[in-house]
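Given next are the chains, with one letter for each unit.
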Amino acid sequence: MTTTQSSPTARRLSVPVAAVAGAVSAAVALAVGELVASLLSSPVSLVTAVGSEFVDRFAASLKDLAVALFGTNDKVALVVGIVVVSLILGAVIGVLDRAWRLAAPVGFGAFGVLGAWALASDVQGSLLVALVSAASAVGAGVGALSALRRAASRNTATAVIGPSSTGSATEDSRSPGRPGAVTLDRRSFALAVGGLIFVAGTGGLAARAMRAGGAVDASHRRTVLPRATSTTPVPAEQPFAVVGLSPYVTPTGDFYRIDTALSTPQVASDGWRLRITGMVDQPFELGYEDLLALDSVEAPVTIACVSNEVGGRLVGNAVWQGVPLASLLDRAGLRPEATQIVGRSVDGFTAGFPTAVALDGRTALVAYAMNGEPLPADHGHPARLIVSGLYGYVSATKWLEEIELTTWESFDGYWVPRGWSKVGPIKLQSRIDVPRADASLVAGPQPIAGVAWAPDTGVERVEVQIDDGPWRTARLGASASADTWVQWHLEWDADAGDHVISVRATDATGQTQTSELTDPAPDGATGWHTRRVRVT
Ligand SMILES: Nc1nc2c(c(=O)[nH]1)N[C@H]1C(S)=C(S)[C@@H](COP(=O)(O)O)O[C@H]1N2
Ligand SMILES: [Mo]
């Protein structure tokens, strides 16, 4: 190594310049990796495969942060984090490259091996995509770094003449021509950096555009939803119109979204198959058209996330259309020893619940439509499970590709080994929507309103307490069935001062919500939602 250092052609870049060159090269490598994965129509790339591996490995230790991590924004944060760490490591490679000419191949190579391993072992990845995209990314990274190195020092010979003659300021123009000195051709380096950042940026954006939506949009355009065989109608009207109160049916665009998928699986309905397997007499498969041709149910069902905090927004009520799970199990010839139903997603996610739940008469569907439209990609297109009364993490498998019948003991769904309860009935809850958290109100009549839910059981009563006053019964809105939440409303004659509003619900079995505040982990939060308001 010492020989190359003292060689007159191997003038060293300064540390900051080398770091910039390394980081830009890493960006080029990432973009090329993304682009190649997209060109190969792979649903996962080096970056998202590493991210998914991270999620799968650390989801357990981060379980209290599960909402934060698996909400949409924090997935973006994870991907941004991976990119930033890659750029920093790229900068380190760039600096090491000053002294050690193998730094680029070894450094970028190590990156490539990590990414390729993650991609090859991803359920949606393949060895071929892993090898081709990692090799292209490594090649692009090494190539970009050597191009930048050359661009930075290309004009060394002329730079010794001085900055004024070329218009390009040199880094150590105070000592031009000193033997072995670092001479930076700023102009050509800046041009190369700019060009490569442009290439990486457009490459990355093109890769994203290619991966987004197209297949699902095309599926949606082709789909004509059948008329449901049986419909539970949504009440035509609700008795109170309070600004800020959650609508009875949550618009699809406002519906919460929770999953472990770093990039939404884009599953075209063409070619998609749903398999019913395991402990059944006649395992069978269905295509999308086959599924839509079966007798279907359309009904509003409220689903909630186990990670929902008291007062949280990870709950929603949508009209789902789909085929009753019971009829599919019947057709498959369910065996009596099959005590668990496991939903498996194209992305490897799994959720399991007792078979009895699908047969006890509650709404339990292989759903393909939400609020009158084919499922959006984010909510599980082409099909997902919807089971009234169970939290999503044990039941509502999106991008469903297999329903496996097994025993309760022989399999645990995705979140169970990660510390969440194996059984996940949705807990009775109520939420104050109005007044808002930071509201300052004027004395006089003020609406207090919100929603309460106990899917599959039904809400019987909602009561509101102001400060230490008596519990007052709120009026309830209209609900389609016990599967859905219900709006509630109380007119309050507010007097000036600081007040605490509390709400509690009672379900159709007569159980009232416990006041004991618990965390979401391991089986759902409990406690009364309260709100502090100032009245003037
Ligand atoms: N494939 C897949 N399906 C999944 C999940 C997931 O991570 N992957 N998360 C589940 C969880 S925890 C919830 S709360 C619901 C949320 O459904 P939504 O995003 O349509 O609201 O989806 C469930 N289905
Ligand atoms: Mo969830």
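The text that follows walks through the structure, step by step, so that each part is easy to find. Worth saying up front: this structure is predicted, and the values here are computed from it rather than measured.

Moving on to the overall build of the chain. A tally of regular secondary structure across the chain gives 15 helices and 20 strands. Per-residue burial for the chain yields a buried fraction of 52% across its 536 residues. By sequence separation, contacts in the chain at least 24 residues apart represent 76% of the contacts at least 6 residues apart. Counting only carbon and sulfur atoms, one obtains 59% of the accessible surface of the chain, whose full area is about 23200 Å².

Turning our attention to unusual backbone geometry. Negative phi values dominate among residues other than glycine, just as trans dominates among peptide bonds. Across the junction of V434 and P435, the peptide omega takes the value 0°, indicating a cis bond. Structurally, P435 is set in the loop between β12 (429-434) and β13 (440-441). At the junction of A521 and P522, the peptide bond is cis and its omega measures out at 5° in the coordinates. Within the secondary structure, P522 is located in the loop between β19 (497-507) and β20 (529-535). Even without a glycine there, the phi angle at N371 is positive, about 50°. Looking at where N371 falls in the secondary structure, it is placed in the loop between β8 (364-370) and β9 (373-374). For N371, a relative accessible area of 24% corresponds to the partly exposed category. With a phi close to 80°, D456 is a non-glycine residue in the positive phi region.

In this section: the environment of E491. Examined against the element boundaries, E491 turns out to sit in strand β18 (residues 486-494). For E491, the residues in contact, after removing those within four places along its chain, are P445, Q446, P447 and R472. Polar contacts involving the side chain of E491 include one to the side chain of H489, which spans 3.4 Å.

Let us look at the sheet that holds strand β17 (residues 475-476). Strand order in the open sheet formed by 4 strands is β12-β14-β18-β17, with antiparallel pairing between adjacent strands. Only two strands of the sheet have a single partner each, and these edge strands are β12 and β17. Alignment of β12 against strand β14 (residues 444-453), held across 5 bridges, turns out to be antiparallel. By the bridge assignment, Q429 is partnered in β14 with W453.

Moving on, we come to the sheet that holds strand β2 (residues 273-278). Spatial ordering of the open sheet is given by β3-β2-β11-β6-β7, a layout of 5 strands whose pairing is mixed. The strands lining the two open edges of the sheet, one partner per strand, are β3 (284-287) and β7 (350-354). Going across the sheet, the axis of each strand differs from the next one's by a mean of 15°, ignoring polarity. Pairing of strand β6 (residues 340-345) with β7, which is carried by 5 bridges, proceeds in the antiparallel orientation. Of the residues in β7, the one forming a bridge with I341 is F353. Packing against the sheet, helix α13 (residues 325-332) makes contact with β2, β3, β6, β7 and β11 (400-406), and its axis sits at approximately 135° to β3.

Let us look at the pairing of β3. Within a regular strand, the side chains alternate between the two sheet faces. Where β2 lies against β3, 4 bridges are found, and the strand directions are antiparallel. Residue pairing in the sheet places R273 in a bridge with G287 of β3. In sequence, β2 turns back onto β3 through a hairpin of 5 residues.

A grouping of V76, V80, V84, V85, I88, L89, V92, L96, W100, L102 and V106 is seen on the molecular surface, where their side chains present a nonpolar patch of about 920 Å² in accessible area. Counting residues per element, the nonpolar patch draws most heavily on helix α5 (residues 72-99), at 8 residues.

Around ligand 1, the structure places 18 residues, and the nearest of them are Y256, T260, H379, R384 and K398. Taking T260, its main chain carries an N or O atom lying 2.8 Å from an oxygen atom of ligand 1. Within the contact set of ligand 1, an oxygen atom lies 2.5 Å away from a side-chain nitrogen or oxygen of K398. Compared with its free state, where it exposes 530 Å², ligand 1 has 99% of that area covered by protein. When its residues are assigned to classes, the shell around ligand 1 shows 8 nonpolar, 5 polar and 5 charged.

Right, let's get into the packing of aromatic side chains. Here the structure, examined in full by the defined rule, presents 9 aromatic pairs. Judged by centre distance (6.4 Å) and plane angle (80°), the ring pair of W272 and Y288 falls under edge-to-face. With a gap of 16 residues between them, W272 in the loop between β1 (230-231) and β2 and Y288 in helix α12 (residues 288-293) connect regions that are remote in the sequence. The same class applies to W272 as to Y288, namely buried. An angle of 35° between the planes, with centres 5.6 Å apart, marks the rings of F349 and Y414 as tilted. With F349 in the loop between β6 and β7 and Y414 in the loop between β11 and β12, this residue pair connects regions lying 65 residues apart in the sequence. Both residues of the pair, F349 and Y414, belong to the buried class. One aromatic cluster is present, built from ring pairs that chain together F255, Y256 and W320.

With that out of the way, let us pick up empty space enclosed by the protein. Taken as a whole and assessed by the stated rule, the structure comprises 6 cavities of 30 Å³ or more. Here the second largest cavity is characterised by a volume of approximately 90 Å³. Along the wall of the second largest cavity there are 14 residues; nearest its centre are N308, Y391, Q429, W453 and A525. When its residues are assigned to classes, the lining of the second largest cavity shows 8 nonpolar, 4 polar and 2 charged.

Turning our attention to the pairing of β20. By the alternation rule, side chains of β20 split into H529, R531, V533 and V535, which are all buried, and T530, R532 and R534, of which none is buried. Where β13 and β20 come together, 2 bridges link them in parallel fashion. Residue L441 lies in a different strand from β20, and its bridge partner there is V535. Here β19 runs beside β20; their pairing, made up of 7 bridges, is antiparallel. Paired with V503 across the bridge in β20 is H529.

What counts, and where the lines are drawn
- Residues numbered from 1 in each chain as written.
- Chains lettered and ligands numbered in written order.
- Predicted model: local features only at pLDDT ≥ 70, side-chain atom pairs only at ≥ 80, totals over all residues.
- Heavy atoms only, no water.
- Helix = DSSP H or I, 4+ residues; strand = E, 2+ residues; numbered from the N terminus.
- Buried < 20%, exposed > 50% of the residue type's maximum accessible area, 1.4 Å probe, protein only.
- Contact = heavy atoms within 4.5 Å.
- Areas by Shrake-Rupley, 256 points an atom, 1.4 Å probe, with all protein chains shown as cover.
- Polar contact = N/O pair within 3.5 Å; in protein donor to acceptor, adjacent residues only side chain to side chain.
- Pairing = 2+ DSSP bridges.
- Axes fitted to C-alpha atoms, helices over the stretch in contact; angles between N-to-C directions.
- Patch = residues over 30% accessible without salt bridge, like charges linked within 9 Å, V, L, I, M, F, W, Y side chains within 5 Å.
- Salt bridge = Lys/Arg side-chain N within 4 Å of Asp/Glu carboxyl O.
- Near = heavy atom within 4 Å.
- Nonpolar A, V, L, I, M, F, W, Y, C, P; charged D, E, K, R; others polar.
- Phe/Tyr/Trp six-rings, centres within 6.5 Å; stacked < 30°, edge-to-face > 60°.
- 1 Å grid on protein atoms, 1.4 Å probe; cavity = no way out; pocket = protein on both sides within 12 Å on 5 of 7 lines; lining within 4 Å.
- Points joined across faces, edges and corners; volume = space filled by probe spheres on them.

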